[in-house]
Protein chains: 2
Amino acid sequence: MTSIAAASARGRRAARTSGDDRESAILATAERLLAQRSFADISIDDLARGAGISRPTFYFYFPGKDAVLLTLLDRVIEEANAAAGDVLDRLAGDPRARWRELIDRFHQTFGAHRAVVLACAQVRGTNAEVRRLWAAVMEHWVRAIEGAVEAERRRGAAPDGLPARDLAIALNSMNERVWYATFAGDGPAVAEPDVVDVLLDVWLAAIYKEGPPVNASGSGRAPS
Amino acid sequence: MTSIAAASARGRRAARTSGDDRESAILATAERLLAQRSFADISIDDLARGAGISRPTFYFYFPGKDAVLLTLLDRVIEEANAAAGDVLDRLAGDPRARWRELIDRFHQTFGAHRAVVLACAQVRGTNAEVRRLWAAVMEHWVRAIEGAVEAERRRGAAPDGLPARDLAIALNSMNERVWYATFAGDGPAVAEPDVVDVLLDVWLAAIYKEGPPVNASGSGRAPS
DNA sequence: ACGGGAGTCAACACCCTGTCGAGAAGAATC
DNA sequence: GATTCTTCTCGACAGGGTGTTGACTCCCGT
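What you are looking at is a predicted structure, and each value in this text was computed from that prediction instead of being measured.

1. Examining the interface of chain A and chain B
At step 1: Of the residues lining the interface, 38 residues belong to chain A; the matching set on chain B comes to 39 residues.
At step 2: Of the roughly 3300 Å² buried between chain A and chain B, counting both surfaces, carbon and sulfur atoms make up 65%.
At step 3: For the chain A face of the interface with chain B, the top three residues by lost area are Arg177, Pro188 and Lys209 of chain A, together amounting to 20%.
At step 4: At the boundary of chain A and chain B, one finds 4 salt bridges.
At step 5: A salt bridge links Asp201 of chain B to Lys209 of chain A; its shortest N-O distance comes to 2.9 Å.
At step 6: Taken together, chain A and chain B are joined by 4 residue pairs in polar contact (both at pLDDT 80 or more).
At step 7: Mapped by element, the contributors of at least two residues to the side of chain A that touches chain B are α7 (128-154), α8 (164-184) and α9 (195-208) of chain A.
At step 8: Of the residues forming the side of chain A that touches chain B, the biggest block, 10 residues, is contributed by α8 of chain A.
At step 9: Residue classes in the side of chain A that touches chain B are distributed as 18 nonpolar, 6 polar and 14 charged.

2. Points about the nonpolar core
At step 1: In terms of nonpolar packing, the biggest core is built from 149 residues, with Trp99 of chain A together with Trp99 of chain B touching the most fellow members.
At step 2: Setting aside its immediate chain neighbours within four residues, Trp99 of chain A contacts Leu88, Leu91, Ile145, Ala148, Leu200, Trp203, Leu204, Ile207 and Tyr208 of chain A.

3. Looking at the confidence of the model for chain A
Residues and elements named next belong to chain A.
At step 1: Within chain A, residue pLDDT values average 88, and 85% of them lie at 70 or more.
At step 2: The least confident element of chain A, judged by mean pLDDT, is helix α1 (residues 19-34) at 89; the most confident is α8 at 98.
At step 3: Confidence drops under pLDDT 50 across residues 216-224; counting only partners more than four residues distant or on other chains, this segment forms 13 contacts.

4. A look at the pattern of salt bridges
Residue and element names in this part refer to chain A.
At step 1: Scanning the model with the defined rule gives 28 salt bridges over all chains in all.
At step 2: The residue Asp46 makes a salt bridge to Arg37 at a minimum N-O spacing of 3.0 Å.
At step 3: Ionic contacts of the salt-bridge type, sharing partners, join the residues Asp86, Arg90, Arg98, Glu101 and Arg105 into one network.

5. Quick notes on the packing of aromatic side chains
At step 1: Within the structure shown, the criterion is met by 18 aromatic pairs over all chains.
At step 2: Ring centres of Phe58 of chain B and Tyr59 of chain B lie 5.6 Å apart, and the angle between their planes is 90 degrees; this geometry places the pair in the edge-to-face category.
At step 3: By relative accessible area, which is 29% here, Tyr59 of chain B ends up partly exposed.
At step 4: Where Phe106 of chain B meets Phe110 of chain B, the ring centres are 5.8 Å apart and the plane angle is 55 degrees; that geometry is what we call tilted. Residue Phe106 of chain B and its partner Phe110 of chain B are located together in helix α5 (residues 95-112), separated by 4 residues, close to a single helical turn.
At step 5: We classify Phe106 of chain B as buried; its relative accessible area is 10%.
At step 6: What links up through ring pairs into an aromatic cluster is the set Phe106, Phe110, Trp134, Trp141 and Trp179 of chain A.
At step 7: For the cation-ring pair, Lys65 of chain A lies above Phe39 of chain A, with the distance from its terminal atom to the ring centre recorded as 4.7 Å.

6. Re the packing of α7 of chain A against α8 of chain A
Residues and elements named next belong to chain A.
At step 1: Look at α7 against α8: their axes get within 8 Å of each other, and the N-to-C directions meet at 125 degrees. Between α7 and α8, the interaxial angle falls into the category oblique. Seen along the crossing, α7 lies across α8 with a hand that is right-handed. Residues Trp134, Met138, Glu139, Trp141, Val142, Ile145, Glu146, Val149, Glu150 and Arg153 of α7 touch α8, and the partners they reach there are Ala164, Arg165, Leu167, Ala168, Ile169, Asn172, Ser173 and Glu176.
At step 2: When its residues are assigned to classes, the contact of α7 with α8 shows 10 nonpolar, 2 polar and 6 charged.

7. Focus: the environment of Trp134 of chain A
At step 1: When you line up the elements, Trp134 of chain A lands in helix α7.
At step 2: Judged by its relative accessible area of 10%, Trp134 of chain A falls in the buried class.
At step 3: When the C-alpha positions of Trp134 of chain A and Leu70 of chain A are compared, they lie 9.8 Å apart, and in sequence the two are 64 residues distant.
At step 4: Every residue in contact with Trp134 of chain A, bar those within four places of it in the chain, is listed here: Leu73, Arg124, Trp141 and Glu176 of chain A together with Arg177 of chain B.

8. With respect to the domain arrangement of chain A
All names here are of chain A.
At step 1: Under the domain assignment used here, chain A contains domain 1 (17-62) and domain 2 (69-208).
At step 2: Distance between the C-alpha centres of domain 1 and domain 2: 30 Å.
At step 3: Each partner contributes to the interface: domain 1 provides 8 residues, whereas domain 2 provides 10 residues.
At step 4: Buried area between domain 1 and domain 2, summed over both chains or domains, comes out near 710 Å², and the portion from carbon and sulfur atoms is 75%.
At step 5: Considering only the surface of domain 1 that becomes buried against domain 2, Leu27, Glu31 and Phe39 emerge as the three largest contributors, covering 65% of it.
At step 6: One can count 0 salt bridges joining domain 1 with domain 2.
At step 7: Its residues assigned to classes, the side of domain 1 that touches domain 2 shows 6 nonpolar, 1 polar and 1 charged.

9. Things to note about the packing of α8 of chain A against α9 of chain A
Residue and element names in this part refer to chain A.
At step 1: Relative to each other, α8 and α9 sit at 165 degrees, their axes nearing to 11 Å. One way to sum up the angle between α8 and α9 is to call them roughly antiparallel. Considering only the axes of α8 and α9, their crossing is right-handed. Side by side, α8 and α9 meet where Leu167, Leu171, Asn172, Met174, Asn175, Val178, Trp179 and Thr182 of the first sit next to Val195, Leu199, Val202, Trp203, Ala206 and Ile207 of the second.

10. Considerations on the relation of the copies chain A and chain B
At step 1: Least-squares fitting of chain A to chain B yields an RMSD of 0.1 Å, with the transformation described by 0.0 Å of translation along the axis and a rotation of 180 degrees. Viewed as a symmetry operation, the transformation between the two copies matches a two-fold axis. By C-alpha distance to the rotation axis, the residue of chain A lying nearest is Met174 of chain A, at 2.0 Å.
At step 2: Interface overlap between copies is the fraction of interface residues in one copy that are interface residues in the other; for chain A against chain B it reaches 100%, indicating a shared surface.

Conventions we followed
- Residues numbered from 1 in each chain as written.
- Chains lettered and ligands numbered in written order.
- Predicted model: local features only at pLDDT ≥ 70, side-chain atom pairs only at ≥ 80, totals over all residues.
- Heavy atoms only, no water.
- Contact = heavy atoms within 4.5 Å.
- Buried area = accessible area lost by both parts, 1.4 Å probe.
- Salt bridge = Lys/Arg side-chain N within 4 Å of Asp/Glu carboxyl O.
- Polar contact = N/O pair within 3.5 Å; in protein donor to acceptor, adjacent residues only side chain to side chain.
- Helix = DSSP H or I, 4+ residues; strand = E, 2+ residues; numbered from the N terminus.
- Nonpolar A, V, L, I, M, F, W, Y, C, P; charged D, E, K, R; others polar.
- Core = buried A, V, L, I, M, F, W, Y, C linked by side-chain atoms within 4.5 Å.
- Buried < 20%, exposed > 50% of the residue type's maximum accessible area, 1.4 Å probe, protein only.
- pLDDT = per-residue confidence, 0-100.
- Phe/Tyr/Trp six-rings, centres within 6.5 Å; stacked < 30°, edge-to-face > 60°.
- Lys NZ or Arg CZ within 6 Å of the ring centre and 35° of its normal.
- Axes fitted to C-alpha atoms, helices over the stretch in contact; angles between N-to-C directions.
- Parallel < 35°, antiparallel > 145°, perpendicular 65-115°, else oblique.
- Left-handed = near helix turned anticlockwise from the far one by under 90°.
- Domains from an automatic or database assignment.
- Least-squares fit on C-alpha atoms with pLDDT ≥ 70 in both.

Laid out in structure tokens, this is it:
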């Protein structure tokens, strides 16, 4: 769990009065609008009016447009981490199934909040805060995968090869970009129903080189 | 060759007088400034003043800031396609070496113009034109890889598996994102000297599952 | 010597951001 | 009930970026 995303004072208030509703209203408006237009096309005025307040009042709740997105991103990340759970600690049982579970859960979470994820990916280029947060989260996931790969190698299930960290970076990067294309729908993209299996296939090939070992009742080819 | 990037009328002029210099000056200024600040932090006024003209005059040469970047991107894409050449047609000789050559050449080209590539990646989120152009280029490369994978399968060098197109999308996506991280330097990234070999390793694993066959006098590791 | 196109820019209208200071609304204290 | 303090609200402003207009210059061909 231990969410990296410090879901703390992204807003500005410290009170407990009825202003909480306003903050939620802004957040809700943002997510609603994000489903329609791109983040860049949403002005602070849109957010404010959508929440029933004036533009200056908006600044009372958030320091800027980006902070709203950051708060939304915090939630998604927390949800993703919760969904991932401890799958990586249970790899030994049935690696293929566990890796698939991991990828699938991320897919579910991101898919459920695609508007937010897409907006963040687009803003990452221009906003340092989003860039920092995303970098921290990626680092967290990369380390988790790195550790899992090393564990698989240690128990003899996966062969040695690339530094585990580099491998983890490459695979995580692939997932990010492939999901982006699938959700955004621009450019060549894997069809949504197939994307988990496509990613899984590359992960297994890269980690195990010749299909995961058949520990339990798996159907992978046995290593030579 | 047949550059997808229609390097045609991205500018506005149709003349052949001394105005050509101005157009070049704008482009040069853009690439120079891009090496310093982010694209979003460069105003049209910066571009204009850098080229020794006033802001309205800028509009005589380009319809907007984005068109400048688009023109720059055209060049890089053309260069990348030229660098790639016909490597994919010569895979059979020494697959590992050829794949590495392909990836390395893209790496060289993008690395030489990282400022432009980075800026495009950041703007792709907000600018439809850049998005379209990049999507078209990706489609081109995906199809090339797809064809190469199918050829390798046909000659028995690579096993069947994922639809070649999905595999090509995943691998191309990985490269794009990994290069971005490496060049941008934010978030977890593969060190620049290693990035080609890391990518290559995943490509070979995903395409051949157990290392490419050693046809000629290649120096690739023999498959187990 | 002159008509016309290429090239140039001051000035304008517009939109968005962020801030300031004057207030309204309500709870706590006298 | 009046007073004070804090929370909350917004009209109005300043600043900076974009894109357009209309007039003006310069040069070239006739």
